[in-house]
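Architecture at a glance
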Amino acid sequence: MAEAVATRIPVKMTVNGTEYAAEVEPRLLLVHFLRDNLGLTGTHIGCDTSQCGACVVYLNGESIKSCTVLAVQADGGEVMTIEGLAKDGEYDPVQQGFWEMHGLQCGYCTPGMIMSTHSLLKRNPNPSETEIRHALEGNLCRCTGYQNIVKAVQYAAEQMSGGSAPTS
Amino acid sequence: MVASAPEKLVGKPIKRREDPRLITGAGVFIDDVRLPGLAHMAVLRSPYAHARIVSINADAARAMPGVLGVFTGEDIKHINPLPCAWQAPGVENKVNTPRLLALDEVHQVGDPVAVVVTESPYQAKDALAAIEVDYEELPAVVGARKATTPGAPQLHENAPSNIVFRWSCGQDADQVDAALAASEVQVRERIGNQQLIPTAIEPRGSIGRYDPGTGEYTLWATSQAPHVHRLLTAAFVLGVPEQKIRVIAPDVGGGFGSKIYLYFDMPLVLWLSEQLGGRPVKFFEDRSENFLHTSHGRGHDSDVAIGATKDGKITALRVDTFANLGGYLSTIAPGTPSTLYGRMVAGCYKIPNIHVGITGVYTNTAMVDAYRGAGRTEASYMIERVVDLVANATGVDPAEVRRLNFVQPEDFPFDNGLGGLPYDSGDYEKALNRALEMVGYEDLRREQAERRENGDRKMLGIGLSSFVEACGLGPSQYMGREGWAAGLWESANVRIHLTGKVVVTTGSLPHGQGHETTFSQLVADELGVPFEDIQVKHSDTQGTPFGYGSYGSRSLAVGGTAIYKSVAKVREKAMQLAAHLLEAAPEDIVYENGGAYVKGSPESGKTIQELAGAAHVGYDLPAGMEPTLEATTFYDPPSFTFPFGTHICVVEVDRDTGDTEVKRYVAVDDVGNVVNPLIVDGQLHGGITQGLGQALYEGVVYAEKGEMLTGSLNDYAIVRASMAPMFELENTVTPTSVNPLGARGVGEAGAIASTPAVANAVIDAVSHLGIRNMDMPLTPERVWRSMAANT
Ligand code: FES
Ligand code: FES
């Protein structure tokens, strides 16, 4: 058992536009790679069964739970975390929506919630309330009761579609 | 010159100033704290609910890569067990608290047995797997009622029949029994309130660092009460001088009570750091550990006897409750079922004969302590079920039964007969009427009757919950009588720097509530300074006055009042200084719009910034005045505050599947004066959702031998986005006279009100089938089985 730990595998990936290379244990989870190797602690860990969604990031354009992917599986890939969302000091409309609509309280679920929302709005720019609630099933929040999260998503949808009213 | 009136901020839905860091991933939670040389602690936990530890062999683990040390209960048996700081008042409590690591015996699955400290977290998990423990399994017991029966396995020698305490309040049981026997209508029921896991999305964690140079310790912890954690760690566990420990709570990802308590890891990481010559040691539990071992809530099993008149007036009530406290006592465990539950069982009603008896019990489960709404949630569920049982037995509409029995506005201050503090004020009927109107009660009752007539598959249920809670904890003298082992006031320091910038230090602290925003609004208005010029500091014991922390909906009502009073002192001093500088009599000075001036001449007045500068440099102060504008207040509230309201839930229950869908949720709350309606609504949304979770989905299940069957988020169902409705909220505003802000508190109201509203709705939907009570969570299976048994 003690010997098996020594093996390390080289990985390379682009995270928030910057290229990184490292040698990692094959079992290292992507979330730990991001947090511990790269210091990107905005991606959170809330469970050990892939339920809570606090760890959601983009991998190659798809939102994934980074606690469920090994760092080596992301080799050669492109990752975006919550830290990469704001552009030129401007919040992404989803971040803005969460702020405007009080879509967060403790903020622990928030990075994952924002990343999942971002991905939802890429797939479906004008989701209904029901679609929003279903799309966020994999993201748990214990503080907000979700009402203001739904409003935050609607706000972002409206901003991104140039101000047209979202359906509810 | 004093400017014209700045915009008032109190009462406005100001966007939170803490959000920018949290929406960008720049928040710093415990797992994000980075320290050089950080070592990692992982915990080996008991797989048995009750067992003797025969031997532990850690030799193989010690030899593994990266292992800095392995420690067992034997290694730290000189360290005191954790303290219990709130016992049931006036009766004997058989106290057994956990050691940092189990010594000879374990009493719950998940009990910490050994720890490893390693260079990296992955190595720690590897090393755990190499420790061998030989256990001798002992019989375990689950279920508080069962644990007290003859022949049940015993957990602790000093607690025969596993009883921690027996405590009661109200009239004599005999007197109440006689009143029950004489009542026209009599109902008996067994009412449960299942054990819950608080499930803050951030688990618990701690980092300890010892400084060999100074002999000082720093503890970073997911904490709702850093000063209290310092006090308990120093004086009761490690025996270190209190001033040698500093406790810091970084951003805290939700608490709901579970982060009030002192846990084994907090003193342990400090001690371990000392053993490692000052390397910081970190513990961050995973979700499974959080479920097994971070304190749970609720866990009641009660026998209820109700007496009423034929027209629905409650004449007598007797409640006998078994309260599970788990394998040991958590920090304030006995106080919840006694003071916070027992004394509030009467709810918003005048009940002439009432007796509440509590038996606190050890069983082989996780420790049970206060969880959002603590005690008052269980009380409101109890009394609101009782009221519906009366409605069911008499045929009087549930709204009418509430009206008939309500405490009336002229009855305040009202003593409910259970030995607690009097309710300050309220208008319960007004809130009920408004909620009925909002929901369209009469139309709904008509629709319900029609659906029943037609035998519709979707059965309509309407659930009412009128509640009152005691919060703003709390008046120290009273709490002392109630067995609380300390004070419960709150501190605040307000300081204006030479530059006119304001720093507010508070002993309360946020874990999602938005203290920085709310308190800044308050100070901006009271002082007339720009919102941006105010900084609210909290969560660090270093250089700050003692504070009791945040729980029991006390941050604004108690902590906010301390700030308010400090601001008033600062303002008073500024006015004296202004009188001196303007060569006017102090009584001619007014303070307004951010400055002080002689009545009628604001143009020649001094702004607070100018006065702060003058006070700081001290060139020209009135005789005897000390430099700087700064004040500290320790505010001890004279009483609790009593928020109230009515919530109504409308559900459809499927007759074929037992599935419940929440169609509407209407809430009328009176939390007194509101500083930030955005935040107040958010607290209500979250609280209501947690209570709804208890009614429909959540519940810890232990197997007979004490293994947890709901050990992950796969099996323990907290509410997801698709399970929650949109809430329709309104307020009535009855300012409390208990504090100068008129604020009652809102952190727990939603959770206290919603569980009975939702449960009453589901039971109402099936009441025509002969069902009058069911145990929560009201899952489709449970509702379906209940229907099947009644047809
Ligand atoms: S940490 Fe919970 S889903 Fe990834
Ligand atoms: S804001 Fe606290 S968990 Fe979502």
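Since we're looking at a predicted model, the values are computed, not measured.

Things to note about the overall build of chain B
Within chain B one finds 20 helices and 26 strands. The globule rule puts the C-alpha radius of gyration for 791 residues at 28 Å, and the 28 Å found for chain B is close to it. The principal-axis extent of the C-alpha atoms belonging to chain B is close to 85 × 70 × 50 Å. Classification of the 791 residues of chain B by burial places 66% in the buried group. A separation of at least 24 residues holds for 81% of the contacts in chain B among residues at least 6 apart in sequence. Accessible area of chain B: about 25,900 Å², with a carbon and sulfur share of 50%. Taken together, the 67 basic and 95 acidic charged side chains of chain B have centroids lying 1 Å from each other.

Comments concerning the sheet that holds strand β12 (residues 281-284) of chain B
Residues and elements named next belong to chain B. Read across the sheet, seven strands follow the order β3-β5-β1-β12-β9-β10-β11 without closing on themselves; strand pairing throughout is mixed. Two strands in the sheet have a free side with no partner beyond their single neighbour: β3 (67-72) and β11 (245-248). Here the strands of the sheet are splayed against their neighbours by 20 degrees on average, with no regard to which way each runs. Direction of pairing for strand β1 (residues 39-45) relative to β12: parallel, over a ladder of two bridges. Note on β12: the bridge partner recorded for His 40 is Lys 282. With respect to the sheet, helix α3 (residues 121-129) is in contact with β1, β3 and β5 (112-118), its orientation differing from that of β1 by roughly 30 degrees.

Quick notes on the environment of Ala 58 of chain B
In this structure, Ala 58 of chain B sits in the loop between β2 (51-57) and α2 (59-62). Separated by 74 residues in the primary sequence, Ala 58 of chain B and Glu 132 of chain B place their C-alpha atoms 6.4 Å from one another.

Here we look at the interface of chain A and chain B
When the parts of a complex come together, some accessible area is lost, and that lost area is often taken as the interface size. On the chain B side, the residues contacting the 53 residues of chain A number 55 residues. Together, the buried faces of chain A and chain B total about 4,900 Å²; carbon and sulfur atoms form 56% of this surface. Of all residues in chain A, Trp 99, Tyr 108 and Arg 142 of chain A bury the most surface against chain B, accounting for 18% of the area lost on that side. Our count for the chain A to chain B interface comes out at six salt bridges. One salt bridge in this structure joins Arg 34 of chain B and Asp 36 of chain A, with 3.2 Å as the shortest N-O distance. One can count 30 residue pairs in polar contact (both at pLDDT 80 or more) joining chain A with chain B. Listing elements by their share of the side of chain A that touches chain B, those giving two or more residues are α1 (30-37), α2 (93-100), α3 (110-123), α4 (129-135) and α5 (147-160) of chain A.

What to know about the packing of helix α10 (residues 376-394) of chain B against helix α11 (residues 398-405) of chain B
Residue and element names in this part refer to chain B. Running from N to C, α10 and α11 point in directions that differ by 115 degrees, and their axes come no closer than 9 Å. Relative to α11, the element α10 is oriented roughly perpendicular. Pair α10 / α11 crosses with right-handed handedness. Each of Glu 384, Val 387, Asp 388, Val 390 and Ala 391 in α10 lies in contact with α11, whose residues at this interface are Pro 398, Val 401 and Arg 402.

Topic: the pairing of strand β2 (residues 18-24) of chain A
Residues and elements named next belong to chain A. Two strands pair when backbone bridges link them, and strand β1 (residues 9-15) and β2 are joined in this way by seven bridges, in the antiparallel orientation. Bridge pairing in β2 places Met 13 opposite Tyr 20. In textbook terms, the turn of a hairpin is the stretch between consecutive antiparallel strands, and for β1 and β2 this stretch comprises two residues, one of which, Asn 16, has a positive phi near 50 degrees.

As for a nonpolar patch on the surface
Taken together, the side chains of Leu 498, Val 617 and Tyr 619 of chain B make up a nonpolar region of the molecular surface, amounting to roughly 340 Å² of accessible area. The topology assignment puts Leu 498 of chain B in the loop between β17 (490-496) and β18 (502-506).

Focus: the packing of helix α16 (residues 555-581) of chain B against helix α17 (residues 608-617) of chain B
Residue and element names in this part refer to chain B. Direction vectors running N to C along α16 and α17 enclose 85 degrees, while the axes themselves pass 10 Å from each other. Of the possible angle classes, the one that applies to α16 and α17 is roughly perpendicular. Counting all contacts with α16, which are made through Ala 574, Leu 577, Ala 578 and Leu 581, the residues of α17 involved are Ile 608, Leu 611, Ala 614 and Ala 615. A breakdown of the residues in the contact of α16 with α17 according to their chemical character gives eight nonpolar, no polar and no charged.

Some words on the pattern of salt bridges
Residues and elements named next belong to chain B. Throughout the structure, instances matching the rule amount to 62 salt bridges over all chains. In this structure, Arg 434 engages Glu 437 in a salt bridge whose closest nitrogen and oxygen atoms are separated by 2.3 Å. Taken together, the positions of Arg 434 and Glu 437, both in helix α12 (residues 428-439) and three residues apart, correspond to about one turn of that helix. Arg 434 gets classed as partly exposed once you look at its relative accessible area, which sits at 27%. Several salt bridges share partner residues, and in doing so they unite Glu 447, Arg 451, Glu 652, Glu 661 and Lys 663 into one network.

Examining the packing of aromatic side chains
Under the criterion given, the structure shown has 22 aromatic pairs over all chains. Centre to centre, the rings of Phe 71 of chain B and Trp 271 of chain B are 5.5 Å apart; their planes meet at 85 degrees, and the pair counts as edge-to-face. With a gap of 200 residues between them, Phe 71 of chain B in strand β3 and Trp 271 of chain B in helix α7 (residues 265-275) connect regions that are remote in the sequence. The interplanar angle of 80 degrees and the centroid separation of 5.1 Å between the aromatic rings of Trp 489 of chain B and Tyr 548 of chain B together place this pair among those described as edge-to-face. One end of the pair, Trp 489 of chain B, is in the loop between α14 (476-481) and β17; the other, Tyr 548 of chain B, is in the loop between β19 (534-537) and α16, with 59 residues separating them in the sequence. Overall, Trp 489 of chain B belongs to the partly exposed group, its relative accessible area being 21%. Classification of Tyr 548 of chain B by relative accessible area gives buried; the value is 7%. Ring pairing ties together the aromatic residues Tyr 349, Phe 406, Phe 412, Tyr 428 and Phe 644 of chain B, which thus form one cluster. Over the ring of Trp 99 of chain A we find Lys 15 of chain B; its NZ or CZ atom is 4.1 Å from the centre of that ring.

A look at unusual backbone geometry
Glycine aside, residues mostly have negative phi angles, and peptide bonds mostly take the trans form. Residues and elements named next belong to chain B. Residue Pro 413 follows Phe 412 across a cis peptide bond; omega there is -5 degrees. Relative to the elements of secondary structure, Pro 413 occurs in the loop between α11 and α12. A cis amide bond links Leu 473 to the next residue, Gly 474, at an omega of -25 degrees. Within the secondary structure layout, Gly 474 lies in the loop between β16 (458-468) and α14. The backbone of Ser 161 sits at a positive phi, close to 55 degrees, despite the residue not being glycine. Even without being a glycine, Asn 162 presents a positive backbone phi close to 65 degrees. Within the secondary structure layout, Asn 162 lies in the loop between α4 (144-147) and β7 (163-170).

Here's the deal with the sheet that holds strand β4 (residues 105-106) of chain B
Residues and elements named next belong to chain B. Sheet architecture is open: three strands sit in the order β4-β2-β6, paired in antiparallel fashion. This sheet does not close on itself; its edge strands, each paired only once, are β4 and β6 (132-137). Pairing analysis gives six bridges linking β2 to β6, with the strands arranged antiparallel. The partner of Arg 52 across the bridge, within β6, is Glu 136.

Re the domain arrangement of chain B
Residues and elements named next belong to chain B. When cut into domains, chain B gives domain 1 (19-26 + 490-635), domain 2 (33-138 + 204-284) and domain 3 (374-471 + 640-789). For domain 2 versus domain 3, the distance between C-alpha centres works out to 39 Å. On the domain 3 side, the residues contacting the four residues of domain 2 number four residues. Of the roughly 310 Å² buried between domain 2 and domain 3 on both sides combined, carbon and sulfur atoms contribute 49%. Where domain 2 packs against domain 3, one counts one salt bridge.

Rules and cut-offs
Residues numbered from 1 in each chain as written. Chains lettered and ligands numbered in written order. Predicted model: local features only at pLDDT ≥ 70, side-chain atom pairs only at ≥ 80, totals over all residues. Heavy atoms only, no water. Helix = DSSP H or I, 4+ residues; strand = E, 2+ residues; numbered from the N terminus. Rg over C-alpha atoms; globule rule 2.2 N^0.38 Å. Buried < 20%, exposed > 50% of the residue type's maximum accessible area, 1.4 Å probe, protein only. Contact = heavy atoms within 4.5 Å. Areas by Shrake-Rupley, 256 points an atom, 1.4 Å probe, with all protein chains shown as cover. Lys, Arg positive; Asp, Glu negative; His and termini not counted. Charge placed at Lys NZ, Arg CZ, Asp CG, Glu CD. Pairing = 2+ DSSP bridges. Axes fitted to C-alpha atoms, helices over the stretch in contact; angles between N-to-C directions. Buried area = accessible area lost by both parts, 1.4 Å probe. Salt bridge = Lys/Arg side-chain N within 4 Å of Asp/Glu carboxyl O. Polar contact = N/O pair within 3.5 Å; in protein donor to acceptor, adjacent residues only side chain to side chain. Parallel < 35°, antiparallel > 145°, perpendicular 65-115°, else oblique. Left-handed = near helix turned anticlockwise from the far one by under 90°. Patch = residues over 30% accessible without salt bridge, like charges linked within 9 Å, V, L, I, M, F, W, Y side chains within 5 Å. Nonpolar A, V, L, I, M, F, W, Y, C, P; charged D, E, K, R; others polar. Phe/Tyr/Trp six-rings, centres within 6.5 Å; stacked < 30°, edge-to-face > 60°. Lys NZ or Arg CZ within 6 Å of the ring centre and 35° of its normal. Domains from an automatic or database assignment.

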